Amino acid sequence: MIRKCFLVAAFLMVIAGAFADDRALLQGRIDSCSAAGGGKVVVEAGEYRLAGALEMKSGVELHLKSGAVLLFSGEPDDFLPVVLSRWEGTELYNRSSMVHADGQENFSITGEPGSVIDANGGRMARWGMPADDFEENVHGTHGDTPEKADVERLRGYGDALTPVAERVFGKDAKLRPCAMEFRECRNIVLDGFTLKNSPFWCIHPLYCEDVTVRNVTIDSHFPNNDGCDPESSKRVLIENCTFMTGDDAIAIKSGRDADGRRIGRPSEDITIRNCKFYSKCNGLCIGSEMSGGVRNVTMTNIEIGDVKNALLFKSNLDRGGYIENVRIDSVTIGNVAGAVLRFETNYFGYRGGHFPARYQDFKISNVTAKSAEAYAIYFDGNEEEPIRDIAVRNFAVEKAAHAHYLYKTARCSFENAVVNGKRLPKRIKEDTERKSCDVW
């Protein structure tokens, strides 16, 4: 029951030529509503400028009316002081996301059609550099970018298990934060709004339970703009969403390498249904930061456009962990540059470890694709942990350069799998030499 209802009306004014900070008034409404036992904060149509993070609090529904736009400043230092977070699977203290919560429960952000949360991340993503000096996609590598030194420093902290209190990336650091991050929260609902222009990952539930992302449109095309990345979280539902992203549409994660194994919190009980994926990189991914394990994932009724890889499960020998009990059904796919169905254990960025990941117990059915420039099916396993117990049924790719590649697998079966108009055998003969698929 709503105990308090506050109306944020058009008297939050924008000062011409300056970035007026409407954040204090809006944050005050959220804080007082939560303190009174919870309720609904309504944001009327209009543009509201926010020079800093908006903190969600327990018991509050933040509701955006049609035409309401929350526009963040895009200035990196507006999102200080640092907060405890994870960045690509390693714990640290970093700038806050634009919309943030830590240790809160029973809150929601809802929106009517035409409501927008604009993280204004273009400036932050490039850190003031001209657009033509920034790689169009620094997916995973971070290339020769301003943040590269900080990425390497953080990787070193994770490898050495440096105390988290010493991993501080403050004012002079360059690691881009997510647009929306919720850490150690419970009972979250995100519903109905459009999220635009994230500096990094778009929606990041971290160590959360009971999360619903419904009827949300992600329209964000900068580097590393994954749409939704549940990480070390449980009971997550993603449904009726559209992902137009610069990186993976959905990537399920659970920590990176030694630091991820130290924490050991899996992502589990995740359902994805009735969604559309129009991403510049990949469709559904699990990994590559999956060192805490991922299990019990169900994905049904998904439309994937033209992507690099459609269904991708990725790790390398640094990771460890496992991916198990995955169910995928009813997926239509456009054209794929890499592979339609890809199990990858040699993902780039390898740093010399020996912790083979376990992939087992997948059931994949009713998948169709137009074409694959590389592989329809690509299974690349390890001697110690072969990819095993994968059952593929009713799988069809109209045109593929290579129908299949299987290396170090066990008990993988294909029923009514057709590629290039030819039915594949139920048990596909393994390749004797390792092959790469260098499409990410």
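**Structural notes on the state of the cysteines**
Formally, a disulfide is one covalent bond, and it connects the sulfur atom of one cysteine to the sulfur atom of another. Following the criterion strictly, the structure yields 0 disulfides and no others. Just so you know, cysteine 412 is unpaired, no disulfide at all, and the nearest cysteine sulfur is the one on cysteine 437, 17 Å from it. On the basis of relative accessible area, cysteine 412 is assigned to the buried category, the value being 6%.

**Some thoughts on helix α1 (residues 23-35)**
In this model, α1 (13 residues) spans 18 Å end to end at C-alpha, consistent with the 18 Å of a helix rising 1.5 Å per residue. Along α1, the residues classified as buried are Leu26, Gln27, Ile30 and Cys33. Mapping the buried residues of α1 onto a view down its axis gives an arc of 130°, with all of them on the same face. Projecting away from the buried face of α1 at angles above 90 degrees are the exposed residues Ala24 and Ala35.

**Some points on the packing of aromatic side chains**
Enumeration according to the criterion identifies 19 aromatic pairs in this entry. Look at tyrosine 347 and tryptophan 440: their rings are 4.7 Å apart centre to centre, the planes differ by 90°, and that puts the pair in the edge-to-face class. Taken together, the residues tyrosine 347 in the loop between β26 (339-344) and β27 (358-380) and tryptophan 440 in the segment after β30 (422-423) connect sequence positions 93 residues apart. Summarising the burial analysis for this pair, tyrosine 347 and tryptophan 440 share the class buried. A cation over an aromatic ring shows up here: arginine 342 above the ring of tyrosine 378, its NZ or CZ 5.2 Å from the ring centre. The ring of tyrosine 407 is capped by lysine 408, whose NZ or CZ atom sits 5.4 Å from the centre of that ring.

**Side note on helix α3 (residues 148-160)**
Spanning 13 residues, α3 covers 18 Å between terminal C-alpha atoms, matching the ideal 18 Å at 1.5 Å per step. Asp150, Val151, Leu154, Arg155, Tyr157 and Gly158 are the residues of α3 that are buried. Along the long axis of α3, the arc covered by the buried residues comes to 160°, so they all point the same way. Of the residues in α3, the exposed ones pointing more than 90 degrees away from the buried face are Ala149 and Ala160. Buried residues along α3 sit in contact with β7 (83-87), β8 (90-94) and α4 (257-263). Directly after α3, the chain includes leucine 161, whose backbone phi takes a positive value near 55°.

**A closer look at the nonpolar core**
If you look at the biggest cluster of nonpolar residues, it comprises 95 residues, and the most contacted ones within it are Leu70, Met180, Phe182, Ile272, Phe277 and Phe395. Take this core: its biggest share by element is 9 residues, from β27. Not counting residues up to four positions away in its chain, the partners in contact with leucine 70 are Leu26, Val43, Tyr48, Leu50, Leu54, Leu62, Leu64, Val116, Ile117 and Asp118. Counting residues in hydrophobic clusters, the runner-up holds 11 residues, among them Trp87, Leu92, Tyr157 and Phe169.

Basis of the calculations
- Residues numbered from 1 in each chain as written.
- Predicted model: local features only at pLDDT ≥ 70, side-chain atom pairs only at ≥ 80, totals over all residues.
- Heavy atoms only, no water.
- Disulfide = S-S within 2.5 Å.
- Buried < 20%, exposed > 50% of the residue type's maximum accessible area, 1.4 Å probe, protein only.
- Helix = DSSP H or I, 4+ residues; strand = E, 2+ residues; numbered from the N terminus.
- Expected span 1.5 Å × (residues − 1).
- Arc of directions from axis to C-beta.
- Phe/Tyr/Trp six-rings, centres within 6.5 Å; stacked < 30°, edge-to-face > 60°.
- Lys NZ or Arg CZ within 6 Å of the ring centre and 35° of its normal.
- Contact = heavy atoms within 4.5 Å.
- Core = buried A, V, L, I, M, F, W, Y, C linked by side-chain atoms within 4.5 Å.

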